[in-house]
Amino acid sequence: MSNLKDTATQIRRDIVRMVHAVQSGHPGGSLGCTEFLTALYFKVMKHNPAFNMDGVGEDVFFLSNGHISPVFYSVLSRSGYFPTKELNTFRKINSRLQGHPTTHEHLPGVRMASGSLGQGLSVAAGAALAKKLNNDNSLVFSLHGDGELDEGQNWEAILFAAHKKIDNLIATVDWNGQQIDGPTDKVLGLGNLAAKFDAFGWEVIHLDKGNDIDEVVATLEKAKTLTGKGKPVVILMRTEMGAGIDFMVGSHEWHGIAPNDEQLAKALAQLPETLGDY
């Protein structure tokens, strides 16, 4: 998995450089989900960087917690959807790389806008159901924040996916225990999340080391083996917000602030350039 680890390191460099350049964005969750999206796009998912919006005959991914767009954009560019030099335009006026991914910009790889949290599971369930109706055997993956589960629409979608036996859907919850206002347990505790999903009729997988690329790949591959058995699948993925940069790890304060010049230098010193900076 050394190549994947090198890729993840470069993606982390991209994240902090992008957010620093415009002094705006969400580095914490992006860094925490780096291994997941690296594993998904560079190892697990069957996808085509040539990109068509329908995604017929290929696996598709929906980013619900769209504020972690820096990691999503970096992964898309590094896997061939658009030139890496476009990362220079992140969050700038008239850029296709807005703070939340949008569809009207026609950025390859983006199939839903995510400016309002809590909607991605509904979209993913609908797309997965469409694949089943069309006899398309490929899979639908989605990613959601744990704080995002405060939104009630998620629970309607969780009910719907189980009721319709949408068993080609693999949803992942980034369970880092942090959201913009502080620890999720203090803002609105999720309780026994595994028991909730189980009671709602989902197949539940635990991923306790969401920042270990080997564990992420193994868990995603396991999830694929559980599809097609009458239940949607959810991965409860434990990550560290700010993972990979020692002074950012585990703090909700890095949810949505940019590093200054000194902090950027400290961050980059911990992340060797592996694939070449954009």
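Everything in this summary refers to the structure shown in the same document. One numbering rule holds for all chains: residues counted from 1, following each sequence as written. Selection of residues for local features in this predicted model requires a pLDDT of at least 70, selection of side-chain atom pairs for listing and counting requires 80 or more, and totals for whole chains, interfaces and linings are taken over all residues. Here the side-chain values reflect all heavy atoms present in the structure, with hydrogen atoms and water set aside.

**A look at the environment of Val60**
Inference 1: Position of Val60 relative to the elements: it lies in strand S1 (residues 60-63).
Inference 2: Each C-alpha atom, one on Val60 and one on Asp167, is 14 Å from the other, the two residues being 107 residues apart in sequence. A run of H or I in DSSP counts as a helix once it spans at least four residues, and a run of E counts as a strand once it spans at least two, with each numbered from the N terminus.

**Digging into empty space enclosed by the protein**
Inference 1: Using a grid of 1 Å spacing that covers the protein atoms alone, one calls a set of points a cavity when a 1.4 Å probe fits there but cannot get out, and a pocket when the set is open and has protein on both sides within 12 Å along at least five of seven lines; lining residues are those with an atom within 4 Å of a point. Grid points are joined across faces, edges and corners, and a volume is the space filled by probe spheres set on the points. Across all of its chains, the model carries three cavities of 30 Å³ or more by this definition.
Inference 2: Here the largest cavity defines a volume of roughly 50 Å³.
Inference 3: Around the largest cavity, the lining residues are Phe61, Phe62, Leu63, Phe72, Pro101, Gly109, Val110, Arg111, Met112 and Ser114.
Inference 4: Class assignment for the residues of the lining of the largest cavity results in seven nonpolar, two polar and one charged. Three categories are distinguished: nonpolar for Ala, Val, Leu, Ile, Met, Phe, Trp, Tyr, Cys and Pro, charged for Asp, Glu, Lys and Arg, and polar for the others, with Gly belonging to the last.

**A closer look at the sheet that holds strand S2 (residues 140-145)**
Inference 1: Read across the sheet, five strands follow the order S1-S2-S3-S7-S6 without closing on themselves; strand pairing throughout is parallel. Each edge of the sheet is formed by a strand with only one pairing partner; in this case those strands are S1 and strand S6 (203-207). Sheet twist, expressed as the average angle between the axes of neighbouring strands with direction ignored, equals 20°.
Inference 2: Of the pairings in the sheet, the one linking strand S3 (residues 169-175) to strand S7 (residues 233-238) comprises six bridges and is parallel in character. Bridging across to S7, Ile170 finds its partner in Val233.
Inference 3: By definition, residues are in contact when any of their heavy atoms lie within 4.5 Å. To get an axis, fit a line to the C-alpha atoms, keeping to the stretch in contact for a helix; angles then go from 0 to 180 degrees between the N-to-C directions. Against the sheet, helix H5 (residues 120-133) touches S1, S2 and S3, its axis set at about 170° to S2.
Inference 4: Each of S2, S3, S6 and S7 touches helix H9 (residues 213-225); the most contacted strand, S6, lies at about 170° to it. Strand pairing follows a simple DSSP-based rule, namely that at least 2 bridges must link the two strands.

**Topic: helix H10 (residues 261-269)**
Inference 1: To sort residues, take the accessible area from a 1.4 Å probe on protein chains only and compare it with the maximum for the residue type: under 20% means buried, over 50% means exposed, and anything in between is partly exposed. Residues Leu264, Ala267 and Leu268 constitute the buried set of H10. Buried residues of H10 fall within an arc of 95° about the axis and therefore sit on the same side. Turned more than 90 degrees off the buried face of H10, the exposed positions are Glu262 and Ala269.
Inference 2: Residues of H10 that are buried make contact with helix H1 (2-22). The directions considered for the arc run from the helix axis to the C-beta atoms.

**A short note on the layout of surface pockets**
Inference 1: Volume-wise, the largest pocket comes out at about 250 Å³.
Inference 2: If you go around the largest pocket, you meet 18 residues; those closest to its centre are His67, Gly147, Gln178, Gln179 and His255.
Inference 3: Considered class by class, the residues forming the lining of the largest pocket number four nonpolar, 10 polar and four charged.
Inference 4: The computed volume of the second largest pocket comes to approximately 160 Å³.
Inference 5: Lining the second largest pocket we find Met53, Asp54, Val56, Val60, Phe62, Arg111, Ala127, Ala130, Lys131, Asn134 and Asp136.
Inference 6: Taken together, the elements giving at least two residues each to the lining of the second largest pocket come down to S1 and H5.
Inference 7: Looking at the lining of the second largest pocket, the element that brings in the most residues is H5, giving three residues.
Inference 8: For the lining of the second largest pocket, the class distribution of residues is six nonpolar, one polar and four charged.

**Side note on the packing of helix H3 (residues 34-44) against H9**
Inference 1: Where H3 meets H9, the closest approach of the two axes is 9 Å, and the angle between their N-to-C directions is 60°. Classified by the interaxial angle, the pair formed by H3 and H9 is oblique. For the pair H3 and H9, the crossing hand works out as right-handed. For the pair H3 and H9, contact is made by Glu35, Phe36, Thr38, Ala39, Leu40, Lys43 and Val44 and by Ile213, Val216, Val217, Leu220, Glu221 and Lys224, respectively.
Inference 2: Per-class residue counts for the contact of H3 with H9 are eight nonpolar, one polar and four charged. Any angle between 65 and 115 degrees counts as roughly perpendicular, while under 35 counts as roughly parallel, over 145 as roughly antiparallel, and the rest as oblique. Note on convention: the crossing is left-handed when the near helix lies turned anticlockwise from the far helix by less than a right angle, right-handed when the turn is clockwise.

All we've got here are geometric facts, nothing functional implied.
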